[in-house]
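If you want the building blocks of each chain, they are given just below.
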Amino acid sequence: MLRTLIALLALAAGLPVLADGVEVGKPSAMANLVPAATVEKQAAQQYGELKRQAAAKRALGLDEHPQVIRLRAIAARMIPLVDRYNPRARQWQWEINLIGSKQINAFCMPGGKIAFYSGILDQFKLTDDEVAMVMGHEIAHALREHARERIAKSQLTQLGASLLGELVGGGRYSGAFQLGGNLLSLKFSRDDESEADVVGLDLAARAGFDPRAAISLWQKMAAANSRAPLEFLSTHPAGDSRIKDIEKHLPQVMPLYEKAKRSR
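Not measured: the values here are computed from a predicted model. (Residues numbered from 1 in each chain as written. Predicted model: local features only at pLDDT ≥ 70, side-chain atom pairs only at ≥ 80, totals over all residues. Heavy atoms only, no water.)

Peer 1: Explain the pairing of strand 2 (residues 106-109) to me, and be specific about the residues and the numbers.
Peer 2: The side chains of a regular strand alternate, first on one face of the sheet and then on the other. Of the two faces of strand 2, the one lined by Ala106 and Cys108 and the one lined by Phe107 and Met109 are each fully buried. Pairing between strand 2 and strand 3 (residues 113-117): four bridges, direction antiparallel. Counterpart to Cys108 in the pairing with strand 3 is Ile114. Between strand 2 and strand 3, which pair antiparallel in sequence order, lie three residues; one of them, Gly111, sits at a positive phi of approximately 90°. (Buried < 20%, exposed > 50% of the residue type's maximum accessible area, 1.4 Å probe, protein only. Helix = DSSP H or I, 4+ residues; strand = E, 2+ residues; numbered from the N terminus. Pairing = 2+ DSSP bridges.)

Peer 1: Talk me through helix 3 (residues 66-78); I want residue IDs and the actual numbers.
Peer 2: Side chains that are three or four residues apart share a direction in an α-helix, a result of its 3.6 residues per turn. For helix 3, with 13 residues, the first-to-last C-alpha span of 19 Å sits near the 18 Å given by 1.5 Å per residue. Gln67, Val68, Arg70, Leu71, Ile74, Ala75 and Met78 are the residues of helix 3 that are buried. For helix 3, the angular spread of the buried residues around the axis is 165°, confining them to a single face. Taken together, the buried residues of helix 3 touch strand 1 (95-99), strand 3, helix 4 (118-124), helix 5 (128-143) and helix 8 (190-206). (Expected span 1.5 Å × (residues − 1). Arc of directions from axis to C-beta. Contact = heavy atoms within 4.5 Å.)

Peer 1: Describe the pairing of strand 1, listing the residues and the values that go with them.
Peer 2: Burial within strand 1 is extensive, with four of its five residues counted as buried. Direction of pairing for strand 1 relative to strand 3: parallel, over a ladder of five bridges. Across the sheet, the residue bridging to Leu98 is Phe116, located in strand 3.

Peer 1: Before we move on, can you summarise the pattern of salt bridges with the specific residues and values?
Peer 2: By the definition in use, this model includes 18 salt bridges. Residues Arg88 and Glu40 are paired through a salt bridge, measuring 2.8 Å at the closest nitrogen-oxygen approach. Of this pair, Arg88 sits in the loop between helix 3 and strand 1 while Glu40 sits in helix 2 (residues 36-56), and the two are 48 residues apart along the sequence. For the salt bridge of Arg212 with Asp210, the shortest nitrogen-to-oxygen distance reads 2.9 Å. A relative accessible area of 12% places Asp210 in the buried class. Through salt bridges with shared partners, one network takes in Glu40, Arg88, Glu145 and Arg148. (Salt bridge = Lys/Arg side-chain N within 4 Å of Asp/Glu carboxyl O.)

Peer 1: Explain the sheet that holds strand 2 to me, using residue names and the numbers behind them.
Peer 2: The strand order across the open sheet formed by three strands is 1-3-2, and the pairing between neighbours is mixed. Lying at the two open borders of the sheet, with one neighbouring strand each, are strand 1 and strand 2. If you compare each strand with its neighbour and ignore which way they point, the axes differ by 15° on average. Where helix 3 meets the sheet, it contacts strand 1 and strand 3, and its direction lies at approximately 150° from that of strand 1. Strands strand 2 and strand 3 of the sheet are contacted by helix 5, whose axis makes an angle of about 30° with strand 2. (Axes fitted to C-alpha atoms, helices over the stretch in contact; angles between N-to-C directions.)

Peer 1: Outline helix 2, listing residues and values.
Peer 2: Taking 1.5 Å as the rise per residue, helix 2 with 21 residues should run 30 Å; its terminal C-alpha atoms sit 30 Å apart, in good agreement. Three or more residues of helix 2 are buried, namely Ala36, Val39, Glu40, Gln42, Ala43, Gln46, Tyr47, Gly48, Leu50 and Ala54. Of the residues flanking the end of helix 2, it is Arg58, one or two places downstream, whose phi is positive at about 55°.

Peer 1: Tell me about the nonpolar core, and please be specific about residues and values.
Peer 2: Counting residues in each nonpolar core, the largest one holds 55 residues, and the members touching the most others are Met78, Trp94, Phe116, Ile120, Met133, Met135 and Ile139. Here this core gets nine residues from one element, more than from any other, and that element is helix 5. In contact with Phe116, other than residues within four places in its own chain, are Leu71, Asn97, Leu98, Ile99, Asn105, Ala106, Leu121, Val131, Val134 and Met135. Among the nonpolar cores identified, the runner-up in size contains 10 residues, and Ala43, Tyr47, Phe107 and Tyr117 belong to it. (Core = buried A, V, L, I, M, F, W, Y, C linked by side-chain atoms within 4.5 Å.)

Right under this line is the structure:
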């Protein structure tokens, strides 16, 4: 009965009824203009510096901290599933850390470097399912190589359109791509955000987390933002359209969640 209802909802929403989750197509070819290893090396360096700064302020969560244990347990259910969206990700040196700060933030840098700030957990009293929605979304950005794509597009803008043909064709100017800057400050496009929502829903559902928690998560975010602007929402806009888009994809991911629940 549940499968039939989900299929009917998917048809009503104009979505294909897939037996195996969502389909988002291939990652942008633009990302290939920037070497993955270079971006991941820079991400690891910046992540390491972030941890050192936090440790110096005694703000880096210890391994035995309950929230660190919780975050790593959630990640441990999701990471084994990442190769569906990026086969290379199984070889990443994944890290999951907690930073003590009132800041509302969480991220996953290229190469699988994850951090949550305690503010996002404490202020919103996130359930495990809601944490998984945040984590899945951030992991999805890394899996879909959104940082590499953003860097490539930014550099192409600076280099000029006249070089585009030679970059794509022979790669003669590939050395012109200088990374620099802070990967944490990258702002993703609305399309990137939508894709991360969908891939994150799929990943979390496969790991046995209820994808409907994404709705309550973004409702909490929107309500808090209406009282005082959240910096997190400057790069992760929350609104009715985002929630509606998530609701539209629930018929595709709920069967994955139900299947994962039965196998646990």
